[in-house]
Amino acid sequence: MTKKQAPKTAKLIIGDQELDLPVMVGSEGELAIDITKLRSTTGAVTFDPGLGNTGACTSKITFLDGEQGILRYAGYPIEELAQQSNFVEVMWLLLHQDLPSSTQLEQFNHDVTHHTMLHEDLKRLFASLPKAGHPMAVCAAAVGALSTYYQKAGPQTAEQNWSDAVRLLAKMPTIAAYSFKHSIGQPFMYPRNDLSYSSNILHMMFATPCGKYEPNPVIARALDLLLILHADHEQNCSTSTVRTVGSSGANLFASVSAGISALWGPLHGGANEAVIDMLTSIRDGERSARQFMDLAKQKNSGVRLMGFGHRVYKNYDPRALILKQACYDVLAELGRKDPLLDIALELEQIALSDNYFIERKLYPNVDFYSGIIYKALGIPSDMFTVFFAIGRMPGWVAQWLEYQGDSAARITRPRQIYMGPNKRTYTDVSKR
Ligand code: CMC
């Protein structure tokens, strides 16, 4: 709907009270009813668990049409970016909502390459944590700890925020790789400034001081694609967390550390690891694909088809479509076969012809096929969500910066509908 066609107001009737609420129109025609004055005028609040109907901010970063399966970063279709761009350029695009000039790109590439080292003292943080600890917990701790190295007195300036942003984007791969090296007891590998962003990640993950390691360009390109596809996804759970924490005035590192924790859950980024566990259990004969699907449809089983369904997409997730094809390409380029891909295809085929999934519009999401590619690249399954976090970092940072610059932004503080006991009198413990 265009701005001209859109209604200017929406009428709300509460008892004998009638209210004209302003209607907002997004740049792609989506309608929103502005309820900012609702409580002060009527005393009522809205009720929207999970916030599925609530626009908490305006944003210029990412557009998502879940009905049609469209995803664009600042107007550029994800399919074009996946095919023609690279992750560093996409980072800039999200941060500035425009493509960089060649000079800007060169400078930015230099910046996110030359700020990759961690303070030597920070290594002790990794050493103090159990090797079996999940790397997402290690990464959240290390990113939070970065704020102790970049503390500033007084209010944050735009220059300081940019400097923090560059450092965080540059250091996240180092933190991620250190969390892995710590878990397997290998020495940390310092970043190499002569490598591309993605090749350097592979170097820090897989090189050792004992021998030569040259990142495989096929693997580096596949990794770059994965990072591009994960780079932003508007107001998802972790991004909303980053904005919420940032809304209190907390610094970027603290806000993003909270976002990493939010991403870890299996209903969000943790689904990529859960998908591989699911596929592996079917491969190992715990139950057949059909038996698993029957279980996933039973409400009380506690089992879901991981990597399927999405709060916003009621169509095929465009990222899953790209990743499905990439599974074939990467496995072929590396000369590998993976029975997990066949199982995933079988699950998808059963789901897409089953009424339960059809009626609920449940399609593969970004996490359904990504794990098969990570696995082919040699990345262990407990690191999958960490790689999601490396990819999502520019989105978190861009959304945090946007919030800081938004004159309409206020501290996030939702209301509730209290359903607890009414007023009662305290009785001493001896009389209870
Ligand atoms: N398997 C079986 N049933 C499902 C699934 C699934 N994967 N997803 C949703 N449903 C059912 C759900 O039980 C409900 O049924 P009913 O209407 O009978 O109560 C209906 O579909 C709607 O689901 P919902 O849980 O109300 O939907 P939501 O928008 O709250 O949740 C979701 C979205 C992604 C958490 C959910 O689809 C899910 O748990 N999927 C599996 C986990 C997953 O793949 N997560 C990754 C999400 S995409 C990437 C990311 O965000 O990181």
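Computed from a predicted model, the values in this text were never measured in an experiment. (Residues numbered from 1 in each chain as written. Predicted model: local features only at pLDDT ≥ 70, side-chain atom pairs only at ≥ 80, totals over all residues. Heavy atoms only, no water.)

1. Observations regarding a nonpolar patch on the surface
- Taken together, the side chains of Val-45, Phe-47, Ile-417 and Met-419 present a nonpolar region at the surface, about 450 Å² in accessible area.
- Tracing the backbone shows Met-419 in the segment after helix H18 (384-404).
- Relative accessible area serves as the criterion here: at 73%, Met-419 is assigned to the exposed category. (Patch = residues over 30% accessible without salt bridge, like charges linked within 9 Å, V, L, I, M, F, W, Y side chains within 5 Å. Areas by Shrake-Rupley, 256 points an atom, 1.4 Å probe, with all protein chains shown as cover. Salt bridge = Lys/Arg side-chain N within 4 Å of Asp/Glu carboxyl O. Helix = DSSP H or I, 4+ residues; strand = E, 2+ residues; numbered from the N terminus. Buried < 20%, exposed > 50% of the residue type's maximum accessible area, 1.4 Å probe, protein only.)

2. Some words on the packing of helix H17 (residues 366-376) against H18
- It is at 10 Å that the axes of H17 and H18 come closest, and there the two elements cross at 105°. Comparing their axes, H18 and H17 come out roughly perpendicular. Facing H17, whose interface residues are Asp-367, Gly-371, Tyr-374 and Lys-375, H18 presents Phe-384, Phe-387 and Phe-388.
- A breakdown of the residues in the contact of H17 with H18 according to their chemical character gives 4 nonpolar, 1 polar and 2 charged. (Axes fitted to C-alpha atoms, helices over the stretch in contact; angles between N-to-C directions. Parallel < 35°, antiparallel > 145°, perpendicular 65-115°, else oblique. Contact = heavy atoms within 4.5 Å. Nonpolar A, V, L, I, M, F, W, Y, C, P; charged D, E, K, R; others polar.)

3. Here's the deal with the sheet that holds strand E5 (residues 70-73)
- An order of E4-E5-E6 is seen for the 3 strands of this open sheet, with the pairing classed as antiparallel. The open sheet has two edge strands, strand E4 (62-65) and strand E6 (76-77), and neither has a second partner.
- The pairing of E4 with E5 spans 4 bridges and is antiparallel. Bridge assignment links Thr-62 to a residue of E5, and that residue is Tyr-73. (Pairing = 2+ DSSP bridges.)

4. As for the sheet that holds strand E2 (residues 17-25)
- Read from one edge of the open sheet, 3 strands run E1-E2-E3, paired in antiparallel fashion. This sheet does not close on itself; its edge strands, each paired only once, are strand E1 (9-14) and strand E3 (31-33). On average, each strand axis in the sheet is inclined to that of its neighbour by 30°, with strand direction left out of account.
- Summarising the sheet, E1 and E2 pair through 6 bridges and their orientation is antiparallel. By the bridge assignment, Ile-14 is partnered in E2 with Gln-17.

5. Side note on the site of the ligand
- Taken together, 22 residues form the shell around the ligand, and within it His-268, Lys-299, Arg-304, Leu-305 and Arg-311 come nearest.
- In the environment of the ligand, an oxygen atom lies 2.8 Å from a nitrogen or oxygen atom belonging to the side chain of Lys-299.
- Residue Tyr-356 places a side-chain N or O atom 2.8 Å away from a nitrogen atom belonging to the ligand.
- For the ligand, the protein covers 76% of the area, taking 920 Å² as the surface of the free molecule.
- Shared between two domains, the shell around the ligand holds at least three residues of each, these being domain 2 (76-267 + 381-404) and domain 3 (271-376). (Near = heavy atom within 4 Å. Polar contact = N/O pair within 3.5 Å; in protein donor to acceptor, adjacent residues only side chain to side chain. Domains from an automatic or database assignment.)

6. Observations regarding the nonpolar core
- Judged by nonpolar contacts, the single largest core of 118 residues is most densely connected at Met-278, Leu-279, Leu-305, Leu-347 and Leu-377.
- Here this core gets 12 residues from one element, more than from any other, and that element is H18.
- Two domains each donate at least three residues to this core, and these are domain 2 (76-267 + 381-404) and domain 3 (271-376).
- Contacts of Leu-305, omitting those with residues within four sequence positions, involve Met-278, Phe-292, Met-293, Ala-296, Leu-347, Ala-351, Phe-357 and Phe-368. (Core = buried A, V, L, I, M, F, W, Y, C linked by side-chain atoms within 4.5 Å.)

7. Details of the environment of His-233
- For His-233, the position within the fold is in the loop between helix H9 (217-230) and helix H10 (237-247).
- Each C-alpha atom of the pair His-233 and Pro-155 lies 29 Å from the other, and the pair is 78 residues apart in sequence.
- If we ignore the near neighbours within four places in the chain, the residues touching His-233 are Thr-62, Leu-64, Leu-71, His-310, Tyr-313, Arg-319 and Arg-392.
- A polar contact of 3.4 Å, which involves the side chain of His-233, links it to the side chain of Arg-319.

8. Looking at H17
- Among the 11 residues of H17, 10 are classified as buried, and the element is accordingly described as predominantly covered.
- A side-chain oxygen of the first residue of H17 lies 2.9 Å from the backbone nitrogen of Asp-367; this N-cap is Asn-365.
- Backbone geometry just after H17 places Gly-378 at a positive phi near 90°.

9. What about the pairing of E2?
- Here E1 hands over to E2 after 2 residues, with Gly-15 in that stretch at a positive phi of 60°.
- Both E2 and E3 contribute to a ladder of 3 bridges, which runs antiparallel. Its bridge partner being in E3, Met-24 is matched across the sheet by Ala-32.
- The antiparallel pairing of E2 with E3 creates a hairpin that spans 5 residues between the two strands, and Gly-29 there sits at a positive phi of about 90°.

10. Section: the packing of helix H7 (residues 158-184) against H18
- For the pair H7 and H18, the least separation of the axes is 10 Å and the interaxial angle reads 170°. Considered as vectors, H7 and H18 are oriented roughly antiparallel to each other. Residues Asn-161, Trp-162, Ala-165, Leu-168, Leu-169, Met-172, Pro-173 and Ala-176 of H7 form the contact with H18, whose own contacting residues are Val-386, Ala-389, Ile-390, Met-393, Pro-394, Val-397, Trp-400, Leu-401 and Gln-404.
- Here the contact of H7 with H18 is built from residues that sort into 15 nonpolar, 2 polar and no charged.

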